[in-house]
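Structural characterization, general
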Amino acid sequence: MSRTLRLALTSTVLAATLAACGGTEGGSDDTTTDDTTSTDDDGASADATGGDGTVTLYSGRNEDLVQPVIDQFTEATGIEVEVRYAGTAEMAAQLLEEGENSPAEAFLAQDAGALGAVAAGGLLQELPQETLDAVPETFRSADGTWVGLTGRSRVLVYNKDLVSEDELPASVDELTEPQWEGRVGLAPTNASFQAFITAMRVLEGDDAATSWMADMAANDPQLREGNGPIVADVEAGTMDAGLVNHYYLYEVAQEQGVEVEDLGSALHFFSEGDTGALVNISGIGMVGEQADGEAQLLIDHLLSTEGQTYFVEETSEYPMIEGLGAPEGLPALEELQTPEIDLNDLEDLQTTVQMITESGLL
């Protein structure tokens, strides 16, 4: 295992272990104004909230993806956001280690499992009902401590010259068959892959998840550190296919300045409730008791029409609020044939990481 992979895995194990213990001690994904400050419907000035004009955000999402929408918020409200960027697992681990002494006021995570782990550590505060009601019940926590900001579907990205349409699998189970030997990319240390395995455990049981991972390991998968490298290799033709989140292909198209349909690779959406069709979220929770409402204003902005439009148009992710359609070229969220799963059940990262480690995928 490479040093980078080992460090990524260690961060995830730490986050999961601390969450399991209660946490009591602690790209890809991943200027204050004066009284005359103008505001819009998405927020208010620092003076209006009686705050200090600053929000400290721990972000497990990549700076290139989320900093522009955070800048939108600062421009609209005059409230500066001090962002600490790292992997979602690393940020969750840091929050749980810092505990009540954490300077964080909000936690932006790559997946529901990490938010659930931090919430289980008692660090997230219940959000206002108005905020919860803005997001469908499917995409928010049962205890009201976090909400989804964007939706992302698991898919198989494939090279159109190397994989014919009649080869495309109906289920992720088919990827363990001999015809896929050495052809499929996986990112075992990535949070989205770990959430996918956790979903498989919830839907099919630990034995089925263990069997699938062992069969995949025996089928000589191509391992990468994240979704981005998988999509890049599939597009370059050095890998036939890979399991990723859907929006990474759109990122490649944006980088190359072409339409996604003009790329050499495409997305295959699994159907009929297959685990491979899991729709997870990126989401946010408010950390600790706060004397002002500035972190809440940040959450409000990210769920506003302006904030959600940014995610649809710039990162090609599904919006969480009503009134906005799917990113161009993607099926509507309600058209996806997703598995029936409660995202609140994805918080057991510790067992998942242990199972991945023991499976031979690392």
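Above this text sits the structure in question.
Residues numbered from 1 in each chain as written. Predicted model: local features only at pLDDT ≥ 70, side-chain atom pairs only at ≥ 80, totals over all residues. Heavy atoms only, no water.

Structural notes on the environment of L243
Convention followed: Numbering of helices and strands runs from the N terminus, with a helix taken as a DSSP run of H or I at least four residues long and a strand as a DSSP run of E at least two residues long. Three exposure classes are used, based on accessible area relative to the maximum for each residue type with a 1.4 Å probe and protein chains only: buried under 20%, partly exposed in between, and exposed over 50%. Here a residue-residue contact requires only that any non-hydrogen atoms of the pair lie within 4.5 Å.
Secondary-structure assignment places L243 in strand 8 (residues 241-245). For L243, a relative accessible area of 3% gives the class buried. Between the C-alpha atoms of L243 and V184, which are 59 residues apart in sequence, the distance is 7.5 Å. If sequence neighbours within four positions are ignored, L243 has contacts with R154, V155, L156, V172, L175, G185, L186, F196, W212, N227, I230 and F270.

Some words on the packing of helix 9 (residues 227-236) against helix 10 (residues 247-256)
Put simply, the rule is: The convention used is that axes are lines fitted to C-alpha atoms, helices contributing only their stretch in contact, and that angles between N-to-C directions extend from 0 to 180 degrees. Take the far helix as your reference; a near helix turned counterclockwise from it by less than a right angle gives a left-handed crossing, and one turned clockwise gives a right-handed crossing. Nonpolar residues are Ala, Val, Leu, Ile, Met, Phe, Trp, Tyr, Cys and Pro. Charged residues are Asp, Glu, Lys and Arg, and all others, Gly as well, are polar.
Following both chains from N to C, one finds helix 9 and helix 10 inclined at 60 degrees, their axes separated by 9 Å at the closest point. Regarding helix 9 and helix 10, the two cross each other, and that crossing is right-handed. When helix 9 is examined against helix 10, the residues N227, G228, V231 and E235 are found in contact with a partner set consisting of Y248, L249, V252 and Q256. Tallied by class, the residues present in the contact of helix 9 with helix 10 amount to four nonpolar, three polar and one charged.

Some words on the nonpolar core
Our working rule: We call a set of buried residues a nonpolar core when its members are Ala, Val, Leu, Ile, Met, Phe, Trp, Tyr or Cys and they connect through side-chain atoms within 4.5 Å of each other.
Judged by nonpolar contacts, the single largest core of 74 residues is most densely connected at F107 and I284. When residues in this core are grouped by element, the largest group, six residues, is from helix 10. In contact with I284, other than residues within four places in its own chain, are L57, A106, F107, L108, L115, L127, T145, W146, V147, L149, I299 and L302. Core analysis: the next-biggest nonpolar cluster, separate from the first, contains 25 residues, V163, V172, M200 and L361 among them.

Comments concerning the pairing of strand 2 (residues 80-85)
Test applied: In short, DSSP must find at least two bridges between two strands for them to pair. We call a crossover right-handed when, viewed with the strands running away from us, the connection from the first strand over the helix to the second turns clockwise.
The pairing of strand 1 (residues 54-59) with strand 2 spans six bridges and is parallel. Paired with L57 across the bridge in strand 2 is V83. Handedness of the crossover is the feature at issue here: the chain leaves strand 1, passes through helix 3 (residues 63-77), returns alongside strand 2, and the resulting connection is right-handed.

Topic: the pattern of salt bridges
As a reminder, the rule being used: What counts as a salt bridge is simple: a side-chain nitrogen of Lys or Arg found within 4 Å of a carboxyl oxygen of Asp or Glu.
For the coordinates displayed, the defined rule picks out seven salt bridges. Each of R61, R152 and E317 takes part in salt bridges that share partners, so that together they form one network.

Re the packing of aromatic side chains
Quick note on the threshold: The pairing test for Phe, Tyr and Trp rings, Trp by its six-membered ring, is centres within 6.5 Å, and the orientation test on the planes gives stacked under 30 degrees, edge-to-face over 60, and tilted for anything in between. In this analysis the charged atom, NZ for Lys or CZ for Arg, is taken to sit over a ring once it is within 6 Å of the ring centre and within 35 degrees of the ring normal.
For the structure shown, the criterion picks out four aromatic pairs. Ring geometry for Y247 against Y248: centres 4.6 Å apart, planes inclined by 25 degrees, an arrangement best described as stacked. Both residues of the pair, Y247 and Y248, belong to the buried class. By way of ring pairs, the aromatic residues F193, F196 and W212 are connected into one cluster. Note that R183 overlies the ring of W180, its terminal NZ or CZ placed 4.6 Å from the centroid.

Focus on a negative patch on the surface
This is how it is decided: Every patch collects residues that have over 30% relative accessible area and no salt bridge, joining them within 9 Å if they carry like charges and within 5 Å if they are nonpolar side chains (Val, Leu, Ile, Met, Phe, Trp, Tyr). Accessible surface area values rest on a Shrake-Rupley calculation with a 1.4 Å probe, where residue burial reflects the displayed protein chains alone. In this tally, Lys and Arg are treated as positive and Asp and Glu as negative; His is ignored, and so are the chain termini. Lysine's charge is taken at NZ, arginine's at CZ, aspartate's at CG and glutamate's at CD.
Where like charges cluster on the molecular surface, the negative patch consists of E126, E137, D143, D342, D345 and E347. In this structure, E126 sits in the loop between strand 4 (124-125) and helix 6 (129-133). According to the relative accessible area criterion, E126 is exposed, its value standing at 57%.

Things to note about the side chain of T315
Under the convention used in this document: What qualifies as a polar contact is a pair of N or O atoms within 3.5 Å, subject to a donor-acceptor requirement within protein and to the restriction that residues adjacent in sequence count only when both atoms come from side chains.
By the element assignment, T315 lies in the loop between helix 12 (305-314) and strand 11 (318-319). Of the polar contacts made by the side chain of T315, one reaches the backbone oxygen of F311; its length is 2.8 Å. Polar side-chain contacts of T315 include one of 2.7 Å to the side chain of E317. Setting aside anything within four residues of it in sequence, one finds T315 in contact with L65, Y247 and Y310.

Considering helix 7 (residues 191-204)
Threshold: A helix is expected to reach a length of 1.5 Å times the quantity of its residues less one.
Compared with the 20 Å implied by 1.5 Å per residue over 14 residues, the 20 Å span of helix 7 between its first and last C-alpha is a close match. Taking burial as the measure, the 14 residues of helix 7 include eleven buried ones, the bulk of the element. For helix 7, the full list of buried residues reads A191, S192, F193, Q194, A195, F196, I197, T198, A199, M200 and R201. Directly after helix 7, the chain includes G205, whose backbone phi takes a positive value near 100 degrees.

Digging into the pairing of strand 1
Most of strand 1 is tucked away: six of the six residues are buried. On strand 1, burial covers both faces: T54, T56 and Y58 on one face and V55, L57 and S59 on the other are all buried. In this structure, strand 1 lies alongside strand 3 (residues 106-109), joined through three bridges in parallel fashion. In the sheet register, Y58 faces strand 3, and the bridge partner there is F107.

That is the geometry; function is a separate question.
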